[in-house]
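What the coordinates show
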Amino acid sequence: MEQTFIMVKPDGVQRNLIGEIVQRFEKKGYTLKAAKLMDVSNALAEEHYGEHKDKPFFGELVGFITSAPVFAMVWEGENVIKTARSMMGSTNPAEAQPGTIRGDYGVEVAKNVIHGSDSPESAEREIGLFFNESDILSYKKDINSWV
Ligand code: GTP
Ligand code: MG
């Protein structure tokens with residue numbers, strides 16, 4: 001079954017949005033496989049956002065993600081990578097539709113509340129960066145046959 005890496009960014013943690021965001025993924029019918037509140041090191045931030053290293057905002061991005069704890073998660077379910085991205089909304093909260101996480105809670109692009117993997121390759125890479133294999137549980141929920 002498909003898995004994706006979702007992270008409540010420092011602004012989302014500070015604004016008490018962990019529960020709200022977890023609830024949206026739970027209610028959608030996805031299964032939480034791993035989660036932790038953690039500080040992101042400089043090295044991990046630079047690796048995670050490596051694709052943006054030549055962008056003018058890279059320093060600000062790394063500085064922000066390392067500034068306070070994040071809530072890192074692995075979610076599993078059918079088509080979860082793409083669906084999670086649509087639940088998150090556009091990168092720039094000003095363009096994100098109401099009803100999406102960024103549309104409902106985000107204010108500016110630098111503080112857009114949540115990260116989600118953008119492809120199967122990114123998901124595998126990012127899950128591997130943030131979690132050990134033994135952190136990812138392999139339980140099943142009985143309700144899964146209904147969603
Ligand atoms: P992530 O899920 O966080 O990867 O967002 P995304 O995939 O929707 O966007 P992208 O990977 O293109 O950009 C990564 C992150 O960089 C975004 O989520 C923004 O927080 C940040 N970012 C993008 N553009 C800008 C910008 O112009 N200025 C600043 N400060 N940050 C930006
Ligand atoms: Mg991205």
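Since the structure is predicted, the reported quantities are computational estimates derived from the model, not experimental observations.

Some remarks on unusual backbone geometry
With phi around 60 degrees, N16 is a residue other than glycine that occupies positive phi space. Structurally, the position occupied by N16 is in the loop between α1 (10–14) and α2 (18–28). Positive phi, normally seen in glycine, also occurs at N79, with a value near 60 degrees. With respect to the helices and strands, the residue N79 is situated in the loop between β3 (70–76) and α5 (80–88).

Let's talk about the site of ligand 1
Every one of the 15 residues lining ligand 1 counts as a neighbour, but H52, R85, T91, N112 and H115 are closest to it. T91 places a polar side-chain atom, nitrogen or oxygen, 2.5 Å from an oxygen atom of ligand 1. In the environment of ligand 1, an oxygen atom lies 2.8 Å from a nitrogen or oxygen atom belonging to the side chain of H115. Here ligand 1 loses 81% of its free accessible area of 600 Å² to cover by the protein chains. Where the shell around ligand 1 is concerned, the elements lending two or more residues are α4 (58–65), α5 and β4 (114–116). Residues of the shell around ligand 1, tallied by class, amount to six nonpolar, five polar and four charged.

Brief notes about the UniProt feature "binding site: ATP" (unreviewed entry) in the chain
Under the present numbering, the feature "binding site: ATP" (unreviewed entry) in UniProt falls on K9, F57, R85, T91, R102 and N112. As for its placement among the helices and strands, K9 is situated in the loop between β1 (3–8) and α1. According to the relative accessible area criterion, K9 is buried, its value standing at 7%. When sequence neighbours within four positions are dropped, the list of residues in contact with K9 reads Y49, F64, I65, V70, R102, N112, V113, I114 and H115. Here N112 lies in the loop between α6 (101–105) and β4. For N112, the contacting residues outside a window of four places in its chain are K9, D11, T91, P93 and R102. Side-chain polar atoms of N112 contact the backbone oxygen of T91, separated by 3.0 Å.

Observations regarding a negative patch on the surface
A contiguous patch of negative charge, built from E51, D118, E121 and E124, is present on the exposed surface. Tracing the backbone shows E124 in helix α7 (residues 120–130). By relative accessible area, E124 is classed as exposed at 64%.

Topic: the sheet that holds β4
Read from one edge of the open sheet, four strands run β2-β3-β1-β4, paired in antiparallel fashion. Both edges of this open sheet fall to β2 (31–38) and β4, since each of them pairs with a single strand only. The sheet shows a mean angle of 15 degrees between the axes of neighbouring strands, taken without regard to direction. Bridge count between β1 and β4: three bridges; the pairing is antiparallel. Across the sheet, I6 pairs through a bridge with G116, a residue of β4. Here α2 sits on the sheet in contact with β1, β2, β3 and β4, set at roughly 5 degrees to β3.

Quick look at the side chain of S117
Here S117 shows up in the loop between β4 and α7. For S117, a relative accessible area of 1% translates into the label buried. Within polar-contact distance, the side chain of S117 engages the side chain of E126 at 2.7 Å. In this structure, S117 is in contact with T4, F5, I81, R85, S122, A123 and E126, ignoring residues within four places of it in sequence.

Calculation notes
- Residues numbered from 1 in each chain as written.
- Chains lettered and ligands numbered in written order.
- Predicted model: local features only at pLDDT ≥ 70, side-chain atom pairs only at ≥ 80, totals over all residues.
- Heavy atoms only, no water.
- Helix = DSSP H or I, 4+ residues; strand = E, 2+ residues; numbered from the N terminus.
- Near = heavy atom within 4 Å.
- Polar contact = N/O pair within 3.5 Å; in protein donor to acceptor, adjacent residues only side chain to side chain.
- Areas by Shrake-Rupley, 256 points an atom, 1.4 Å probe, with all protein chains shown as cover.
- Nonpolar A, V, L, I, M, F, W, Y, C, P; charged D, E, K, R; others polar.
- UniProt positions renumbered as here; feature names shortened; annotations may be inferred.
- Buried < 20%, exposed > 50% of the residue type's maximum accessible area, 1.4 Å probe, protein only.
- Contact = heavy atoms within 4.5 Å.
- Patch = residues over 30% accessible without salt bridge, like charges linked within 9 Å, V, L, I, M, F, W, Y side chains within 5 Å.
- Salt bridge = Lys/Arg side-chain N within 4 Å of Asp/Glu carboxyl O.
- Lys, Arg positive; Asp, Glu negative; His and termini not counted.
- Charge placed at Lys NZ, Arg CZ, Asp CG, Glu CD.
- Pairing = 2+ DSSP bridges.
- Axes fitted to C-alpha atoms, helices over the stretch in contact; angles between N-to-C directions.

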